[in-house]
Structure formats: C-alpha cells, structure tokens
Amino acid sequence: MADKITIEKGSVQETLIIPLYGRKLCAEVFPKLYTDESAARICAQLDYDFSDLDSQAGSTFWRFGALEAAMRQLDMQWEINDYLSTHPNAAVVNMGCGLDQTGRACDNGTCLIYNVDMPDIIAARKELSPVGDRERNIASDLNDSLWMEEVDGSGGAVFFAAGVFHYFTEAQVRVLVNELAARFPGSRLVFDSVGKLGRYLMRSTFKNFGMENYDECLCVEDPAELNAWCPGATVSTRGYMLGYYPMDDPAVTGFHRFLAKICDSVVKMRIVRFDL
Ligand SMILES: C[S@@+](CC[C@H](N)C(=O)[O-])C[C@H]1O[C@@H](n2cnc3c(N)ncnc32)[C@H](O)[C@@H]1O
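Attention in this report is confined to the structure presented alongside it. (Residues numbered from 1 in each chain as written. Predicted model: local features only at pLDDT ≥ 70, side-chain atom pairs only at ≥ 80, totals over all residues. Heavy atoms only, no water.)

A short note on the overall build of the chain
Thought 1: A tally of helices and strands in the chain yields 10 helices and 7 strands.
Thought 2: For the C-alpha atoms alone, the extent of the chain along its principal axes is close to 45 × 45 × 40 Å.
Thought 3: Counting only residues that meet the buried cut, the chain has 53% of its 276 residues in that class.
Thought 4: Sequence separation of 24 or more characterises 72% of the internal contacts of the chain that already satisfy a separation of 6 or more.
Thought 5: Total accessible area computed for the chain in this model is approximately 12,100 Å², and 51% of it derives from carbon and sulfur atoms. (Helix = DSSP H or I, 4+ residues; strand = E, 2+ residues; numbered from the N terminus. Buried < 20%, exposed > 50% of the residue type's maximum accessible area, 1.4 Å probe, protein only. Contact = heavy atoms within 4.5 Å. Areas by Shrake-Rupley, 256 points an atom, 1.4 Å probe, with all protein chains shown as cover.)

Here's what the structure looks like:
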C-alpha cells in the first residue's frame with residue numbers, strides 16, 4: 001500500500017480511533033486478557049496523529065479506557081460465538097464496524113461476515129484489509145434500511161453494534177430493532193448502552209463530533225424500558241465491564257476493578273441483547 005489512510009477529523013467516523021487505539025493498547029498491556037492481531041497493524045497504516053494518545057498511554061485512566069474498549073469486544077464475541085454455536089452458517093453483521101475485525105475473530109469457517117459503515121470508512125477498510133470469500137463490506141448509513149437487503153440471513157443472523165448507538169437517537173435505534181425483527185426473525189442484536197450519567201459524561205465527545213443536542217442521543221437508564229421496544233422480542237442485559245469475564249490479568253489493578261464496578265453499576269454501562 002503506497003499511501004497511508006486518512007480518517008476525516010471532526011466527523012462521527014473519527015470516533016473509531018479511540019476504540020481501535022484502546023484495543024491496541026489493551027493487547028500490549030493486558031495480553032493475558034486480550035489479544036488483537038489487527039489493531040496495531042491498522043494504527044500503523046493510518047495517517048493519524050497518535051502522539052496525544054501515545055503520551056497518555058501509561059496513565060491509569062487511559063489503561064482503564066483500553067480495558068473498556070477490549071472488554072466490549074470480548075462481550076460482543078461472547079454473544080456472537082454463543083449464537084454461532086446453534087447457527088453455524090449465520091450472518092455475523094458488524095454495524096458501524098469502523099476498522100474493527102470482530103467478525104474475523106469469530107469466524108467459524110462457515111459463517112458469513114458483513115461489515116457496515118459510512119462509505120469513507122468502508123473505502124479505508126478495503127485498502128487496509130481485503131475481504132475474504134465469506135466476507136462482504138457494505139457502505140451505507142445504518143439508518144437507511146436498504147443495507148439490510150444485502151445480508152443473507154438464511155442461516156440466521158447476529159447483528160452487533162459496538163460504540164455506535166450512543167450517536168443515534170432512541171427513535172432511530174427503535175426503528176432499526178423493529179426493521180431487523182421484521183426482516184430477520186430468530187436473529188440476535190447486541191449493542192452497548194449507557195445510562196443518563198454516562199451520556200452526560202460523554203457530552204464533550206458528542207460536541208467534538210458536531211452533536212450539540214447530546215440529550216437526544218440514546219441512553220438506557222432502566223433496562224425494563226427496552227421491553228416495550230419490539231413486541232415479541234426477548235431482551236436481556238449484562239454489565240459491560242464484568243458481566244461476561246472477570247478481567248483476569250495480573251496487570252489489572254484493584255483500582256481498575258473498582259472503576260469497572262462503578263462503570264457497570266453507577267454509569268450503567270451495559271451490553272443489551274435482543275433475541276428477535
Ligand atoms: C466509536 S466508532 C466504533 C467502531 C467499531 N464498532 C469499534 O468498536 O471499533 C463508531 C462507528 O460507527 C460509525 N457510524 C456512526 N454513525 C453511523 C451511521 N449512521 N451509519 C453507519 N455507520 C455509522 C462510525 O463511522 C464509526 O466507524
């Protein structure tokens with residue numbers, strides 16, 4: 001590849017940098033907990049100034065941020081692998097994929113892998129990692145449901161959105177859930193959410209990406225609210241940091257563990273699962 005890939009600054013697409021860098025850092029600092037073969041390689045191929053992030057990488061809080069990025073991906077992988085155990089030929093659909101390779105990390109040799117994001121991000125993906133035989137990139141706004149027509153859900157489908165629905169309104173996510181339920185009965189949708197405090201803490205991030213009305217962005221204060229979203233669906237939630245794995249790595253400190261408990265309980269960081 002001759003030129004490095006540029007990610008447009010100040011766009012919602014730029015939000016992919018933090019989780020990508022977080023996964024790279026987590027694989028370096030907490031290798032017993034998390035491995036990631038692609039994050040470091042992809043960071044090196046981007047024309048992006050990582051110096052600010054590099055200078056903070058040793059701090060407790062940034063390391064905790066890296067843990068957040070990695071735990072979310074591990075949680076998603078848990079749900080995908082669980083679905084694939086009963087639907088081995090399913091479509092594994094990464095909604096708002098950024099430069100993440102979770103689909104490949106869960107590849108069982110028979111599933112179909114789809115990556116959906118805005119056209120410029122899909123163009124970057126094409127340069128960085130050519131798709132395999134059972135993999136397809138879809139350039140689309142997720143809110144334009146035409147993209148769903150490109151997904152072959154004949155063997156079942158598991159959809160996941162990591163760090164994406166924070167930038168959507170509740171109404172937009174509800175429409176998506178119901179569209180998926182209508183088109184892919186028996187499928188599963190997994191995404192992460194925060195409560196009101198979490199959304200407030202993210203306000204500067206929203207503003208950086210031009211979203212002044214952050215109070216319109218999705219937040220889930222009480223998971224019971226979700227039961228009314230989609231008739232017939234079964235909803236369950238688990239803690240984002242500690243709901244799936246005990247964060248077992250000697251480099252995870254007592255303070256990290258304390259912060260993880262606060263994130264799950266007070267900030268209400270959750271992994272939401274809809275069985276549709
Ligand atoms: C915080 S990044 C997360 C990227 C990836 N899921 C990860 O974990 O690394 C959010 C991603 O959602 C994408 N995104 C946001 N709004 C979108 C929309 N309406 N349609 C498609 N993609 C969208 C952005 O381009 C970006 O890649």
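Thoughts on a nonpolar patch on the surface
Thought 1: A contiguous nonpolar surface patch, about 750 Å² in accessible area, is contributed by Phe61, Leu197, Tyr200, Leu201, Phe255, Phe258, Ile262 and Val266.
Thought 2: Of all the elements in the fold, those that place two or more residues in the nonpolar patch are α8 (196–201) and α10 (254–265).
Thought 3: Along the chain, Phe258 falls in helix α10. (Patch = residues over 30% accessible without salt bridge, like charges linked within 9 Å, V, L, I, M, F, W, Y side chains within 5 Å. Salt bridge = Lys/Arg side-chain N within 4 Å of Asp/Glu carboxyl O.)

Topic: the site of the ligand
Thought 1: Lining the immediate environment of the ligand, one finds 23 residues, of which Gly96, Asp117, Asp141, Leu142 and Ala162 sit closest.
Thought 2: Residue Leu142 places a main-chain N or O atom 2.9 Å away from a nitrogen atom belonging to the ligand.
Thought 3: Within the backbone of Ala162, an N or O atom sits 2.9 Å from a nitrogen atom of the ligand.
Thought 4: Summarising the interface, the protein chains cover 97% of the accessible area of the ligand, which totals 600 Å² for the free molecule. (Near = heavy atom within 4 Å. Polar contact = N/O pair within 3.5 Å; in protein donor to acceptor, adjacent residues only side chain to side chain.)

Here we look at the sheet that holds strand β1 (residues 91–95)
Thought 1: Here 7 strands make up an open sheet; going across it, the order is β3-β2-β1-β4-β5-β7-β6 and the pairing mixed. Both outer strands of the open sheet, β3 (135–139) and β6 (234–239), are each paired with one neighbouring strand and no more. For this sheet, the mean angle separating the axes of adjacent strands, direction not counted, is 15 degrees.
Thought 2: Note that strand β5 (residues 188–193) and strand β7 (residues 270–275) share 6 bridges and pair antiparallel. What sits directly across from Val190, in β7, is Arg273.
Thought 3: Helix-sheet contacts for helix α4 (residues 60–86) involve β1, β4 (157–161), β5, β6 and β7, and the interaxial angle to β5 is about 165 degrees.
Thought 4: Helix α6 (residues 119–128) contacts β2 (112–117) and β3 of the sheet and is inclined by roughly 150 degrees relative to β3. (Pairing = 2+ DSSP bridges. Axes fitted to C-alpha atoms, helices over the stretch in contact; angles between N-to-C directions.)

Regarding the nonpolar core
Thought 1: Among the nonpolar cores identified, the biggest contains 96 residues, and Leu46, Met95, Trp147, Phe165, Phe191 and Phe274 are the most heavily contacted of them.
Thought 2: Residues in contact with Trp147, not counting those within four places in the same chain, are Val93, Met95, Val116, Ile138, Ser140, Asp141, Leu142, Phe159, Leu176 and Leu180. (Core = buried A, V, L, I, M, F, W, Y, C linked by side-chain atoms within 4.5 Å.)

So, the pairing of β7
Thought 1: In terms of burial, β7 is largely enclosed, as 5 of its 6 residues are buried.
Thought 2: The pairing of β6 with β7 spans 6 bridges and is classified as antiparallel. Within β7, the residue paired with Thr234 across the bridge is Asp275.

Things to note about the packing of aromatic side chains
Thought 1: Going through the model one piece at a time under the given rule, you end up with 11 aromatic pairs.
Thought 2: Note on Phe191 and Phe274: the rings are 6.2 Å apart at their centroids and 15 degrees apart in plane angle, and the pair reads as stacked. A residue pair is termed long-range when its members are at least 10 positions apart, and Phe191 in strand β5 and Phe274 in strand β7 qualify at 83 residues.
Thought 3: What makes Phe191 buried here is its relative accessible area of 0%.
Thought 4: For Phe274, a relative accessible area of 0% gives the class buried.
Thought 5: Among the aromatic residues, those joined into a ring-pair cluster are Phe165, Phe168, Phe191, Trp229 and Phe274. (Phe/Tyr/Trp six-rings, centres within 6.5 Å; stacked < 30°, edge-to-face > 60°.)

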